Amino acid sequence: MSISSPEEKPFQKVMKVEGVSKAFGGIQALQDVSFQIEAGHIHAVIGPNGAGKTTLFNIIMGAYAPDSGRVIYKEKEIQGRKVHEIVSMGISRTFQNVELFGSLTALENVLVGRHVRTRCGFLSAVARWPWVKEEEKAAREKALEILDFVGLKKTGHSRSVDLPFGWQRFLEIARALASEPQLMLLDEPASGLNAVETQQLGELLIHIKERGVTILLVEHDMSLTMAISNEILVLHQGRRLAEGSPREIQDNETVISAYLGKV
Amino acid sequence: MYKRLVFIAVIVLTGQVVSNPYDLQLLTFIGINTLLALGLNMVMGYAGQISLGHAAFFGLGAYTSSLLTIHLDWSPWLALPFTLVFVGIVAFLVALPMLRLSGYYLGMGTLAFGMIVFFIFLQWRSLTGGDSGLIGIPPLTLGPISFEFGAAPFYLVWGIVFLSFIVCERLIDSRIGRALRSLHDSERASAAVGINTSRLKVQVFVFGGVLAALAGFLYAHMVTFISPQTFDFLMSVKIVTMVVIGGMASVWGSLFGAALLTLLPEWLHVFAEYEMIIYGLILVVIMIFLPQGLTRGLLDIYEHFKSRRKTLPKSHEG
């Protein structure tokens with residue numbers, strides 16, 4: 001996993017979102033949203049339901065093309081590219097409602113996550129060249145290491161659908177880590193978790209950050225968000241309402257009134 | 001490895017024991033149907049893409065090779081690679097637009113494709129012989145051996161089934177196999193982890209199509225006459241039934257499904273005009289009581305009895 005700690009590359013922006021707008025029919029989901037993500041940080045996006053957070057994720061991941069604006073990842077424009085290209089460039093994601101491969105084991109889920117970092121195709125799978133066996137072996141070792149990293153070492157051979165919900169969340173993060181991303185997009189990873197699991201999640205995200213992975217986090221759990229984020233972007237009705245450190249956001253009058261519905 | 005040796009032993013033993021030409025031909029047809037079910041199982045059972053037009057590839061394989069050997073006097077062995085490549089290209093061209101669909105719409109699309117191909121066989125009389133089909137297709141020969149009657153075609157077909165099993169098992173137990181199964185579980189998530197889902201779907205569709213073309217080639221040169229009815233919509237449904245009854249996402253299930261669907265009509269002849277009713281009834285009963293298919297269902301029953309014998313009082317897991 002590449003380590004690009006902030007100390008080594010000061011001021012480096014891993015991603016710049018510039019003036020992104022997106023409308024669905026008459027609904028303006030995002031309106032001229034701009035922000036930058038510092039490498040090695042946890043950057044949170046918060047806002048009430050319908051603020052445009054999920055749309056933002058889908059645009060970054062290539063699921064939607066923006067109506068206008070640019071998404072720049074490591075100096076390259078990525079808006080409108082195919083999802084699999086974006087993943088192989090080093091961005092990965094998890095879903096708000098956990099989307100695992102239910103009939104596959106936990107280990108296999110993580111192995112599928114390594115898809116873009118392996119290259120065996122139809123013919124080589126049948127031929128089983130020596131390099132294919134090597135690749136498979138290395139992929140398994142890596143997958144086991146990642147399972148261990150998220151604390152699921154012992155569950156490797158259980159079908160993912162049989163795991164408790166909290167573990168499924170962690171497994172999905174493991175799968176997203178398997179593509180060796182430099183930027184991870186996590187869509188409400190704490191939802192459905194109990195207090196203990198949320199605590200563990202917070203620790204895991206800090207560990208991931210320490211491995212040099214930048215995180216873009218959408219989350220409703222405010223105490224978690226405030227505790228681990230470096231910056232917070234507040235979206236409201238598709239617009240950027242405020243941005244700043246957790247302390248600044250907590251003290252921001254506009255944010256408070258938007259959340260309490262007194263705009 | 002152990003399973004493969006047993007498989008070979010069973011094939012060789014069956015070829016030695018069975019001498020009745022009718023039974024041998026029936027067993028050979030089971031092999032051909034297994035190839036069809038195996039190809040569709042990769043598309044449907046593993047990758048989760050329904051296809052109701054699989055018989056079209058079976059027919060295209062049979063007709064392409066027959067026409068090349070009858071009209072151009074090609075040797076069947078020369079026609080074989082050409083047939084596989086040609087049907088592979090057709091499958092590719094069909095898959096490109098078709099696999100943008102999903103669910104029922106994909107079912108409808110593939111069904112329409114199957115119909116179109118069937119009507120081409122039926123209506124392009126100058127080329128395909130229309131309703132009466134093609135006769136005088138040269139049988140496969142290799143030196144002094146002819147693969148038309150007796151044990152030779154049996155061994156040839158089952159040898160190919162054996163190889164196809166190995167190919168499929170290797171595919172399934174690989175990066176590609178995992179990607180296919182992930183597609184089956186959640187296409188959204190599979191795309192999100194970086195799998196080029198449209199490309200993978202096209203690839204597996206072509207794979208299934210080529211395997212069906214191989215089955216068509218074997219069928220045409222063994223029976224030496226073909227007509228459109230063999231490759232109609234009902235055949236497509238029959239292949240789907242083989243996969244579902246045998247067991248989705250199970251290589252061995254394809255074999256059991258193909259065997260059952262080939263043998264059932266034979267056994268049910270005694271019921272004369274009630275044949276179709278009994279046939280339907282058996283399929284309904286299997287689907288109700290063994291919804292995972294025969295293979296999984298029988299294994300479950302076996303494991304159930306095995307565990308009950310060990311620990312009688314324990315009836316539920318914690």
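Residues numbered from 1 in each chain as written. Chains lettered and ligands numbered in written order. Predicted model: local features only at pLDDT ≥ 70, side-chain atom pairs only at ≥ 80, totals over all residues. Heavy atoms only, no water.

**Q** Outline the overall build of chain A, listing residues and values.
**A** Of regular secondary structure, chain A possesses 10 helices and 10 strands. The C-alpha atoms of chain A give 19 Å as radius of gyration, which agrees with the globular expectation for 263 residues (18 Å, within 12%). The buried share among the 263 residues of chain A stands at 55%. Counting contacts in chain A only where the partners sit at least 6 residues apart, residues at least 24 apart contribute 69% of the total. Just so you have it, chain A exposes about 11700 Å², and 50% of that area is on carbon and sulfur atoms. Charged side chains in chain A number 30 positive and 32 negative. The centres of these two groups are separated by 5 Å. (Helix = DSSP H or I, 4+ residues; strand = E, 2+ residues; numbered from the N terminus. Rg over C-alpha atoms; globule rule 2.2 N^0.38 Å. Buried < 20%, exposed > 50% of the residue type's maximum accessible area, 1.4 Å probe, protein only. Contact = heavy atoms within 4.5 Å. Areas by Shrake-Rupley, 256 points an atom, 1.4 Å probe, with all protein chains shown as cover. Lys, Arg positive; Asp, Glu negative; His and termini not counted. Charge placed at Lys NZ, Arg CZ, Asp CG, Glu CD.)

**Q** Report on the interface of chain B and chain A, specifying residues and quantitative values.
**A** In this complex, chain B contributes 27 residues to the contact, which on the side of chain A involves 31 residues. Both faces considered, chain B and chain A share a buried interface measuring about 2600 Å² in area, 59% of it formed by carbon and sulfur atoms. Taken together, the connections running from chain B to chain A amount to four salt bridges. Glu136 of chain A is paired through a salt bridge with Arg178 of chain B; the nearest N and O atoms lie 2.8 Å apart. Counting across the chain B and chain A interface gives 12 residue pairs in polar contact (both at pLDDT 80 or more). Put simply, the parts of the chain that give the side of chain B that touches chain A at least two residues each are helix H7 (151-172), helix H8 (175-185), helix H9 (187-192) and helix H10 (197-223) of chain B. (Buried area = accessible area lost by both parts, 1.4 Å probe. Salt bridge = Lys/Arg side-chain N within 4 Å of Asp/Glu carboxyl O. Polar contact = N/O pair within 3.5 Å; in protein donor to acceptor, adjacent residues only side chain to side chain.)

**Q** Summarise the domain arrangement of chain A; cite the residues concerned and give the values.
**A** All names here are of chain A. For chain A, the assigned domains are domain 1 (1-90 + 183-263) and domain 2 (101-180). Put simply, the middle of domain 1 and the middle of domain 2, counted by C-alpha atoms, are 26 Å apart. With 19 residues of domain 1 in contact, the opposing surface of domain 2 contributes 15 residues. When the two sides are added together, the surface that domain 1 and domain 2 hide from each other amounts to roughly 1500 Å², 70% of it contributed by carbon and sulfur. The partner of Arg211 in a salt bridge is Glu145, with the nearest N and O atoms 3.2 Å apart. The interface formed by domain 1 and domain 2 includes four residue pairs in polar contact (both at pLDDT 80 or more). Within the residue set of the side of domain 1 that touches domain 2, elements represented by two or more residues are helix H2 (83-89), strand E7 (183-187) and helix H7 (195-210). Among the elements that take part in the side of domain 1 that touches domain 2, H7 stands out by supplying six residues, more than any other. Across the side of domain 1 that touches domain 2, the residue classes break down as eight nonpolar, seven polar and four charged. (Domains from an automatic or database assignment. Nonpolar A, V, L, I, M, F, W, Y, C, P; charged D, E, K, R; others polar.)

**Q** Report on the side chain of His43 of chain A, specifying residues and quantitative values.
**A** Residue and element names in this part refer to chain A. Checked against the element boundaries, His43 lands in strand E3 (residues 42-46). Side-chain polar atoms of His43 contact the side chain of Glu231, separated by 3.4 Å. In terms of polar contacts, His43 uses its side chain to reach the side chain of Glu243, at 3.1 Å. Dropping the residues within four chain positions of it, His43 is found in contact with Phe35, Gln36, Ile37, Ile215, Leu216, Leu217, Glu231, Leu233 and Glu243.

**Q** Can you break down the packing of aromatic side chains residue by residue, with the values?
**A** Scanning the model with the defined rule gives 21 aromatic pairs over all chains in all. When the ring centre of Trp131 of chain A is taken as origin, the NZ or CZ atom of Arg119 of chain A, which lies over that ring, is 4.2 Å away. (Phe/Tyr/Trp six-rings, centres within 6.5 Å; stacked < 30°, edge-to-face > 60°. Lys NZ or Arg CZ within 6 Å of the ring centre and 35° of its normal.)

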